[in-house]
Amino acid sequence: MNEQITGALFKQMVLHGAAAITAQKQAINDLNVFPVPDGDTGTNMSMTIGTAVTELKKSAPATLTQAADLTASALLRGARGNSGVILSLLFRGMSKGLKGLETADAAAFAAAMQQGVQSAYKAVMKPAEGTVLTVSRLAAKRAVECAAEERDIEKVLEEAIREGYETLAQTTDMNPVLKKAGVVDAGGKGYLLILEGMLAEMRGEPMPEASEDTAPQEKADFAALSDEDITFTFDTVFIVRKTVERSLDPLRTYLSGIGDSLVIGEDDEAFKVHVHTDTPGAALTEAQKYGTLELAKIENMRTQAEDLAAGRHAQSTDDLDALEKELESAPAGGHMVAPPEKKYGFLAVCAGAGLEAVFKDLGADGVVSGGQTMNPSTEAILEGVDAVPAETVFVLPNNGNIIMAAQQCAALTEKNVVVIPTKTVPQGITAMMNVDFEAPTAEDITAAMTESLPTVTTAQITYAARNSDFDGFDIREGDYLALEEGKLFGTDGSLSVLLERLAASASERGASFISLYFGEDVSQEDAEAAGKLFGEACPDAEVAVLSGGQPVYYYIISME
């Protein structure tokens, strides 16, 4: 029986919840209705709560308020995709409900869960039933009911989870899209996995093993080395002044597990470490259990190798003096904020050098790398916003799963942030083409950009990430998939067949301007052949074939 949650216990509950969803993130991804390779729910929720894990592991919260606030703050900045943003809102509201508390009993914790649900509902413009919102709402409602009669928090959380799973089973019938696919809501399932992990921690159950996705990676003579030859990314050297008398063997074992090329030299007062690793921060944190960190040097061997291979100067820690003045203007622990030099600025989200160049040619001040399969976090978008030297920054997410993460930036910066709800790259390009840079007000620019969005039709061709029977299509993993306006248009084993069908659709729509942005896996020759198909189907249209360089999508097609 457990009648109180302390700050230390809450920290461990979140760590356990994160491990629980990470262990099953692929199972959650497989619940996603569309079989396209995207920033899937399991991945986004796992990465979002992973930011809280990173921060909590660095801290020892003395009170429940401190633990909940730290968790909520990390989740907010690390939120990825709509599911990640909603998860962050659930914990943000919970932290508000726990404000000022050193510990919480069953009633206080249940009320905080309910406040989390209220925060999430307030942030979603059109809450839909049959989603994580429904599951979390009814789970919290049951928690409050149970807490009115029960002092054992374990029992209250158990009842909330039971109600949540009963609701989750019903989401299939609540949501027409889920009903067609015959699956439950992925976000709701992810949230319940986190709650189950939190309950398991209270019961003293072992934490699930989290599989590491990072592949081992090494270093040698940079000039003779290709990127494939580098095993671990960061050359890490540091000195620690000993403050405790203990053997360094456990540290040596730990560092060997996260890197290679390990050398540790020591005397009675200090020790020096050299290691190649992908996680230098983890190496430094572990080493500080043995003493006080006095000096550290971390260099990215990959970028150094790239620079040398291209005949450029390989940047190293020797260059830090030259960069010091730039860094002085950055806030402690944060990123640099560009002072406003103009009224309006523009930030786009896209992946691919070609698409990035298009946005910059149209007047975008900055580009955040991201899109399908790699939804940027709120923090990544925020850094992009703050780097734009303008009072008002217009953000083009160019993906429906990034819009909510972009909207969270408004509360985190002094700049005025306006998110234009672009769901595709062609919509973003069209919006930029309709910007009047001399417009008198931000509202005028917002109206012009938003009103232009329905004028463009977006088609995309990718591949099936999994087998699926969706909306009458028998889809096999690896098949080519064509989407039009976000809906499944067709599937085939031949890319040419889908291009011909999309060209016919463009003709039926009477498209006058057609742009084909071909991805990194498409040759110039094949792209020009695709453009010819559209030219033949739409003889009166202006057809442009451009290198987008985007991953995942063979073609992104704009039809106006």
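*Asks:* What is the right way to read the overall build of the protein from this model?
*Replies:* Tallying secondary structure elements over the protein gives 21 helices and 16 strands in all. Within the protein, buried positions represent 50% of all 560 residues.

*Asks:* For this particular structure, what's the right way to read the confidence of the model for the protein?
*Replies:* Per-residue pLDDT for the protein averages 86, and the proportion of residues at 70 or more is 87%. Contacts from residues 325-330, a stretch scored under 50 in pLDDT, to residues over four places away or in other chains number four contacts.

*Asks:* Would you mind showing me how to read helix H16 (residues 378-387) here?
*Replies:* Because the α-helix completes a turn every 3.6 residues, residues three or four places apart line up on one side. Burial runs high along H16: seven of the ten residues are buried. Among the residues of H16, those classed as buried are Thr378, Glu379, Ile381, Leu382, Gly384, Val385 and Asp386.

*Asks:* What is the right way to read helix H15 (residues 353-361) from this model?
*Replies:* Looking only at H15, the buried set comprises Gly354, Leu355, Val358 and Phe359. Buried residues of H15, viewed axially, fall in a sector of 135 degrees; they line one side. Those residues of H15 that are exposed and angled more than 90 degrees off the buried face are Ala353 and Asp361. One or two steps after H15, the chain reaches Gly363, where phi turns positive at roughly 115 degrees.

*Asks:* I tried to follow the packing of aromatic side chains on my own but got confused; where do I start?
*Replies:* For any pair of aromatic rings, geometry is given as the distance between the ring centres together with the angle between the planes. Inspection of the entire model under this criterion finds four aromatic pairs. Relative to Phe394, the ring of Phe346 lies with its centre 5.2 Å away and its plane at 15 degrees, an arrangement referred to as stacked. Of this pair, Phe346 sits in strand E5 (residues 342-350) while Phe394 sits in strand E7 (residues 390-396), and the two are 48 residues apart along the sequence. Each member of the pair Phe346 and Phe394 is classed as buried.

*Asks:* I keep staring at the side chain of Thr277 and nothing clicks. Help me out?
*Replies:* Among the structural elements, Thr277 can be located in strand E3 (residues 270-277). A distance of 3.0 Å separates a polar side-chain atom of Thr277 from the backbone nitrogen of Thr279. With sequence-adjacent residues up to four places away left out, Thr277 is seen in contact with Phe232, Thr233, Phe234, Thr236, Ile258 and Gly259.

*Asks:* I tried to follow the side chain of Ser95 on my own but got confused; where do I start?
*Replies:* You can see Ser95 is positioned in helix H5 (residues 81-97). According to the relative accessible area criterion, Ser95 is buried, its value standing at 5%. Dropping the residues within four chain positions of it, Ser95 is found in contact with Ala68, Asp69 and Ala72.

*Asks:* Looking at this model, I keep getting lost on the pairing of strand E14 (residues 513-518). Mind explaining?
*Replies:* The side chains of a regular strand alternate, residue by residue, between the two faces of the sheet. Judged by how many residues are buried, E14 sits mostly within the fold: five of six residues are covered. As defined by bridge partners, E14 adjoins strand E15 (residues 542-547) across six bridges and the pair is classed as parallel. Looking across to E15, one finds that Phe513 is bridged to Glu542. As for the winding sense of the linkage, the β-α-β connection from E14 through helix H21 (residues 524-537) to E15 is right-handed. The sheet contact formed by E14 and strand E16 (residues 555-559) spans five bridges and is antiparallel. Within E16, the residue paired with Tyr517 across the bridge is Ile556.

*Asks:* What exactly am I supposed to notice about the sheet that holds E7 here?
*Replies:* Where strands meet in a sheet, backbone hydrogen bonds hold them as pairs that are either parallel or antiparallel. Strand order in the open sheet formed by four strands is E6-E5-E7-E8, with parallel pairing between adjacent strands. Either end of the sheet is taken by a strand with one partner, and the two such strands are strand E6 (366-369) and strand E8 (416-419). For this sheet, the mean inter-axis angle between neighbouring strands, taken without regard to orientation, is 25 degrees. Two elements, E7 and E8, share four bridges in a ladder whose sense is parallel. Residue pairing in the sheet places Val393 in a bridge with Val417 of E8.

*Asks:* Is there a simple way to explain the environment of Lys25 in this structure?
*Replies:* Here Lys25 lies in helix H2 (residues 25-29). C-alpha of Lys25 to C-alpha of Gly42: the two residues are 17 residues apart in sequence and 4.2 Å apart in space.

*Asks:* Help me understand the nonpolar core, please; the structure alone is not making it clear to me.
*Replies:* General note: in soluble globular proteins, nonpolar side chains tend to be found buried as a group. Within the largest apolar cluster, 82 residues are counted, with the highest numbers of intra-cluster contacts made by Phe10, Phe109, Met113 and Leu157. With nine residues, helix H10 (residues 186-202) is the largest single contributor of residues to this core. Residues within four places of Met113 in sequence aside, it is in contact with Met94, Ala140, Ala143, Leu157, Ala160, Tyr191 and Leu195. Formed by 31 residues, the second largest nonpolar core is a distinct cluster that contains Ala348, Ile420, Ala431 and Ile445.

*Asks:* Looking at this structure, I do not really get the packing of helix H20 (residues 495-508) against H21. What am I missing?
*Replies:* Each pair of packed helices can be described by the angle between their axes along with the distance between the axes. Packing of H20 against H21 leaves a shortest axis separation of 9 Å and a crossing angle of 35 degrees. Considering how the two elements wind past one another, H20 and H21 form a crossing that is right-handed. Across from Ser496, Leu499, Glu500, Leu502, Ala503, Ala504, Ala506 and Ser507 in H20, the residues of H21 making contact are Ala530, Leu533, Phe534 and Ala537. Along the lines of polarity and charge, the residues of the contact of H20 with H21 split into nine nonpolar, two polar and one charged.

Scoring rules and cut-offs
- Residues numbered from 1 in each chain as written.
- Predicted model: local features only at pLDDT ≥ 70, side-chain atom pairs only at ≥ 80, totals over all residues.
- Heavy atoms only, no water.
- Helix = DSSP H or I, 4+ residues; strand = E, 2+ residues; numbered from the N terminus.
- Buried < 20%, exposed > 50% of the residue type's maximum accessible area, 1.4 Å probe, protein only.
- pLDDT = per-residue confidence, 0-100.
- Contact = heavy atoms within 4.5 Å.
- Arc of directions from axis to C-beta.
- Phe/Tyr/Trp six-rings, centres within 6.5 Å; stacked < 30°, edge-to-face > 60°.
- Polar contact = N/O pair within 3.5 Å; in protein donor to acceptor, adjacent residues only side chain to side chain.
- Pairing = 2+ DSSP bridges.
- Right-handed = clockwise from strand over helix to strand, strands pointing away.
- Axes fitted to C-alpha atoms, helices over the stretch in contact; angles between N-to-C directions.
- Core = buried A, V, L, I, M, F, W, Y, C linked by side-chain atoms within 4.5 Å.
- Left-handed = near helix turned anticlockwise from the far one by under 90°.
- Nonpolar A, V, L, I, M, F, W, Y, C, P; charged D, E, K, R; others polar.

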